[in-house]
Amino acid sequence: MDELDELEPELRALLEAERDAPLPGMAAAKARGLAALLAEAEAPGVDRDAKGGDAKGGDAKDGDAKDLLAGVRQNGEVVVEGHVIGHIEGFRFIPHEAADAREAQVLMAAAERVLRDHAFTYVQDFETADDQTLALDVDRTIYWNGKPVARLGKGPTPWQPTVAVHAGFVQDVGLQRRIEARINAWLDRHIARRLAPLFNLREAGFAGAAKGLCFHLLEGLGSCRTNAAAPQIKHLSQQDRKALARHDVRFGTESIFLNGLLKPGPLRTRAALWSAWAGKPTPAAATGKAASLPTTCDRGALMSEDDWAMLGYRHAGPSALRVDRFERVMAEIRKRAREGGIKPDEILAKTCDCSEEALPDLLRAVGCSPVKGEEGALFRIRNNRMSA
């Protein structure tokens, strides 16, 4: 087939019009370059695979950029006849700003042809890229070299999410499947590494009540409320408890949790997996480093106790406290209650990682109430307090 016939009809018509009458607002140099693309295609013996400079696909004669027909440079710039018309982010083409709608149409049509030819090489680069170039953020987006390439969706279990690839200019179904396969392989390794204590617990071969508790922890990505697993906890033997403790399981009065999964890295992975499973946005402050998260925003108001548990936190009114911090807070509250009353002072606020002004609301949320006759001065634990 003649090379000219390979050009999309729309692109050909636009470039023919451009050659005869430059588009208003388009830079003269760019106009000449795009018009030359059609002229080169019409000329006999033209090598359409010719590339120039550092564009992928080979070097032009003498390395002169002016001989470049079309290609993609190592830095992701998309060039046509030596003119940069946009750049690649992940698998998406980001066009440079055009002077008007007709220019934008020409640039997009030219870019689509270039990227269609480039997709195979680009996918190969992605398949062989080092794992360190990929990352999963708390918003469940997967990045390659800092650019989004996929997003997690709900899978059969919280730790087995689906992957939706941002295919962009990669339109070939076979190439899309190769991208998805590469991302899934990396994601499996990433989750297995970040949540290793959880999967070690699953493979430990526990039976009976201990196995049931392990299932609760697996569903909660490493933590669960004690009242949610009360039947299993009740029937644990001392031998079970010791064996579970050897697998990093910590027994608190309010929560059961894997201590190693409260570090920043695992918490970030848990946040991404929870978001995919629940279909809800991750709380903005859930970076993995905070001992408490604000719950006064709309996002927090939509979250259940089980949601917070999967993130590694417990809801406490204006704050969500990381489960280990929540245990410290509740222990301090019980201690003060035994000593005559819970005073909402600066020391307790520091333990709760909140302001003194927010402390009364936090105390009410975890089951405390002001002492009658001393409104706001002291609190006591309500007799019917449930595990928060």
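Quick summary incoming for the structure in this document.

Rules and cut-offs
- Residue numbering note: each chain is counted from 1, following its sequence as written.
- Only residues with pLDDT of at least 70 get local features here, since the model is predicted, and only at 80 or more are side-chain atom pairs given and counted; chain-wide, interface and lining totals rely on the full set of residues.
- Only hydrogens and water are set aside when side-chain values are computed; all heavy atoms of the structure are taken into account.
- A fitted line through C-alpha atoms represents every axis, and for helices the fit uses only the stretch in contact; the resulting angles, taken between N-to-C directions, go from 0 to 180 degrees.
- In DSSP terms, a helix is any run of H or I states spanning at least four residues, a strand is any run of E spanning at least two, and both are numbered starting from the N terminus.
- The cut-offs work like this: below 35 degrees is roughly parallel, past 145 is roughly antiparallel, 65 to 115 is roughly perpendicular, and the gaps in between are oblique.
- Whether two residues are in contact is decided by their heavy atoms: any pair within 4.5 Å suffices.
- The residue classification treats Ala, Val, Leu, Ile, Met, Phe, Trp, Tyr, Cys and Pro as nonpolar and Asp, Glu, Lys and Arg as charged. All others, Gly included, are polar.
- Whether two strands pair depends on DSSP finding at least two bridges between them.
- Left-handed is the label given to a crossing in which the near helix is rotated counterclockwise from the far helix by less than a right angle, and right-handed is the label when the rotation is clockwise.
- Throughout, nonpolar core names a set of buried Ala, Val, Leu, Ile, Met, Phe, Trp, Tyr and Cys residues whose side chains join them through atoms within 4.5 Å.
- For every residue, the accessible area (1.4 Å probe, protein chains only) is compared with the maximum for its type, and the residue is labelled buried under 20%, exposed over 50%, or partly exposed between those bounds.
- Criterion for a salt bridge: a side-chain nitrogen of Lys or Arg within 4 Å of a carboxyl oxygen of Asp or Glu.

### Focus: the packing of helix H4 (residues 101-128) against helix H5 (residues 173-194)
Link 1 in the chain: Two elements in contact, H4 and H5, have axes whose closest approach is 10 Å; the angle formed by their N-to-C orientations is 10°. One way to sum up the angle between H4 and H5 is to call them roughly parallel. Counted together, Ala119, Phe120, Val123, Gln124, Phe126 and Glu127 of H4 and Leu175, Arg178, Ile179, Arg182 and Ile183 of H5 form the full contact between these two elements.
Link 2 in the chain: Tallied by class, residues from the contact of H4 with H5 come to seven nonpolar, one polar and three charged.

### With respect to the sheet that holds strand S12 (residues 292-294)
Link 1 in the chain: The strand order S12-S14-S13 describes an open sheet built from three strands, whose pairing is antiparallel. Looking at which strands have only one partner, the edges of the open sheet turn out to be S12 and strand S13 (313-316). Looking at each pair of strands side by side, their axes are set apart by 25° on average, direction ignored.
Link 2 in the chain: In terms of strand pairing, S13 meets strand S14 (residues 319-322) through four bridges, oriented antiparallel. Across the sheet, residue Tyr313 finds its bridge partner in S14, namely Arg322.
Link 3 in the chain: Against the sheet, helix H13 (residues 323-338) contacts S13 and S14, and its axis sits at roughly 100° relative to S14.

### A closer look at the packing of H5 against helix H10 (residues 264-278)
Link 1 in the chain: At their nearest, the axes of H5 and H10 sit 9 Å apart, and the two run at 130° to each other. Relative to H10, H5 is oriented oblique. As for how H5 packs across H10, the hand of that crossing is left-handed. Judged by residue contacts, His190, Ile191 and Arg194 of H5 engage Gly265, Pro266, Thr269 and Leu273 from H10.

### Remarks on the nonpolar core
Link 1 in the chain: In this structure, Ile142, Leu213 and Leu244 are the most contacted members of the largest nonpolar core, which totals 75 residues.
Link 2 in the chain: Per-element accounting of this core gives the leading share, nine residues, to H4.
Link 3 in the chain: Apart from the residues within four sequence positions on either side, Leu213 is in contact with Cys224, Ala229, Gln232, Ile233, Leu236, Leu244, Phe251 and Ile256.
Link 4 in the chain: Core analysis: the second largest hydrophobic core is formed by 18 residues, Ile342, Ala349, Leu363 and Phe379 among them.

### As for the pattern of salt bridges
Link 1 in the chain: Per the counting criterion, the structure on display carries 17 salt bridges.
Link 2 in the chain: Arg225 serves as the salt-bridge partner of Asp306, at 2.9 Å between the closest nitrogen and oxygen. Here Asp306, found in helix H12 (residues 305-311), pairs with Arg225, found in strand S9 (residues 223-225); they are 81 residues apart in sequence, far enough to count as distant.
Link 3 in the chain: Take Asp306: its relative accessible area is 44%, and that puts it in the partly exposed class.
Link 4 in the chain: Linking Lys335 and Glu339 is a salt bridge whose minimum nitrogen-to-oxygen distance equals 3.1 Å.

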